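Descriptive structure summary
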Amino acid sequence: MLQAEGVQLLCLTASSGVPLFTRGSSKQLPFSVIGSLNGVHMFGGGQDVKLSCCETDRGDRVVWRVFRDSVMLIAVSSGGDNTVTELQLCRLLENTWNCMVLVLGQEELSNVRNVERLKRDLRSCYRLIDRLLDRGDDESVMGDLTHCADCLLPQNTSLLQVALDAFTQASESEFGCLLIRGRVAVATEKWWRLVSQEVVLLSLLMRCLSGTTSCDYPVFLPVGSPTVAHRLLRFQLLPGVDVCTLCGPAPSLHHSETELVGRFWSPLIDILHGCLEQTQHSPAPSISLHPDILALLLINRESSRSLSLPGSHATVTPEDGPPPPSSSRRWELLQLFYTFAITRYFTTGEATAPSQADPLQEDFSQGFSHVPLHCYLVTEECKCYGLQTPQHQLFMLVALTMPTFALRSVATQTLTSVTATSGF
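Residues numbered from 1 in each chain as written. Predicted model: local features only at pLDDT ≥ 70, side-chain atom pairs only at ≥ 80, totals over all residues. Heavy atoms only, no water.

1. Describing the environment of Phe220
Among the secondary structure elements, Phe220 is positioned in strand S9 (residues 214-221). Under the relative-accessibility criterion, Phe220 is labelled buried at 13%. Sequence separation between Phe220 and Leu104 is 116 residues, and the spatial gap between their C-alpha atoms is 7.3 Å. Contacts of Phe220, omitting those with residues within four sequence positions, involve Val101, Leu102, Val103, Leu104, Gly105, Ser225, Pro226, Thr227, Val228 and Ala229. (Helix = DSSP H or I, 4+ residues; strand = E, 2+ residues; numbered from the N terminus. Buried < 20%, exposed > 50% of the residue type's maximum accessible area, 1.4 Å probe, protein only. Contact = heavy atoms within 4.5 Å.)

2. Quick look at unusual backbone geometry
With the exception of glycine, most residues fall at negative phi, and the peptide bonds are largely trans. Residue Pro251 follows Ala250 across a cis peptide bond; omega there is 0 degrees. With respect to the secondary-structure elements, Pro251 resides in the loop between strand S11 (241-247) and helix H10 (253-265). Of note in this structure, Asp69 is not a glycine but carries a positive phi near 55 degrees. Tracing the sequence through the fold places Asp69 in the loop between strand S4 (61-67) and strand S5 (71-78). Even without being a glycine, Arg181 presents a positive backbone phi close to 55 degrees. Here Arg181 lies in the loop between strand S7 (175-180) and strand S8 (183-187).

3. Focus: the sheet that holds strand S2 (residues 19-24)
Within the open sheet, the five strands sit side by side as S2-S1-S5-S4-S3. Their pairing is antiparallel. Two strands bound the open sheet, and with one partner strand each, they are S2 and strand S3 (53-55). The sheet shows a mean angle of 15 degrees between the axes of neighbouring strands, taken without regard to direction. Where strand S1 (residues 6-13) lies against S5, eight bridges are found, and the strand directions are antiparallel. Following the sheet pairing, Gly6 is matched in S5 by Ser78. (Pairing = 2+ DSSP bridges. Axes fitted to C-alpha atoms, helices over the stretch in contact; angles between N-to-C directions.)

4. Remarks on the pattern of salt bridges
For side chains of opposite charge, pairing can occur when their charged atoms come near one another. Under the criterion given, the structure shown has ten salt bridges. For Asp130, the salt bridge identified is with Arg23, shortest N-O distance 2.6 Å. Residue Asp130 is found in helix H5 (residues 126-133), and its partner Arg23 is found in strand S2; the two are separated by 107 residues along the sequence. Of the charged contacts in the structure, one is a salt bridge between Arg329 and Glu332, with a shortest N-O distance of 3.2 Å. Taken together, the residues Arg329 and Glu332, both in helix H12 (residues 327-344) and three residues apart, mark about one turn of the helix. (Salt bridge = Lys/Arg side-chain N within 4 Å of Asp/Glu carboxyl O.)

It is worth stressing that arrangement in space is one thing and function is another; only the former is reported here.
Below is the structure:
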């Protein structure tokens, strides 16, 4: 029986089952349990059975996945934590592998020659992997789940875009990005051409490196360049504001830091301070939402970008009913509703469709001749509504005080209002 509480991530060699690392819960699983989890997967493989996931009677979930026939990752959600869905565990495995490729490159992971050396090298991935397991204060950042880049909509976007393009060009690069509180404020055209998962992981990496004023970090792009490293130059303009470029051998970190950063970004310091203040409570301060909306996730399916907006904190409590959920609980509920909707109804679309390796589609939806465009859910804590168009997906949490029959009209009006105001 699984004893550790929370989510644990196990990494082993696929051929021999040698443990490479364990991350997650402070109470680690015993070695015998880890060996059993690996053994049952290997037994299934020997019987021509592909074991990808299972669930125990008490609600523990286990998900397996082998990458490049060299590394096996196992995600374990134990202690009866039903808030961790199968989709989240599958995405955790995929993101973890991509983090490992981002830092070490695919070649080192695909051809394991020295297990002890690989164990030491994998330590450089721990900060990224731990951030996947625990977002900390980034509860509204959901790119690791949606595989869409978390964005914000600051004022003075045009000025920031001009400065970024000029800075990137002076850095002899075409790939540049400005992040504010972990979200993409503006980016160059080539940056947006990166696979959305790469944009998400690079943003995650920059948040993990936030304790330094500048750094020169070699990275592999898991899809675009898994075997050839690029230089990631990152500079902290203000606490919470980072600019980065992907470049080749030139320019040097010293030249960029002393010559380029001040030249292009010093004139915009006041604007950057303003962006920090405006985005402290909302990634899109110019957008006003219905007072009963608790939280909202908007996905642009064409560009694989997402916008998460907090709702009103002054929602009226219904008589003899539970109080509105806390801010952290709202984001947790929104993630659960997102998972519920895309695994049961919104099962198409490149931006949000699960991988073919993820057995996520419910049996009752298989064989449907149509794709649902709307869905809703009423719980004891809030009401949820989702809608899908060819370009967007909207997932909305609202207070229990809103009549159920009004959900559709409020969601439709919200989508129209947000997209018209922001152009998102």
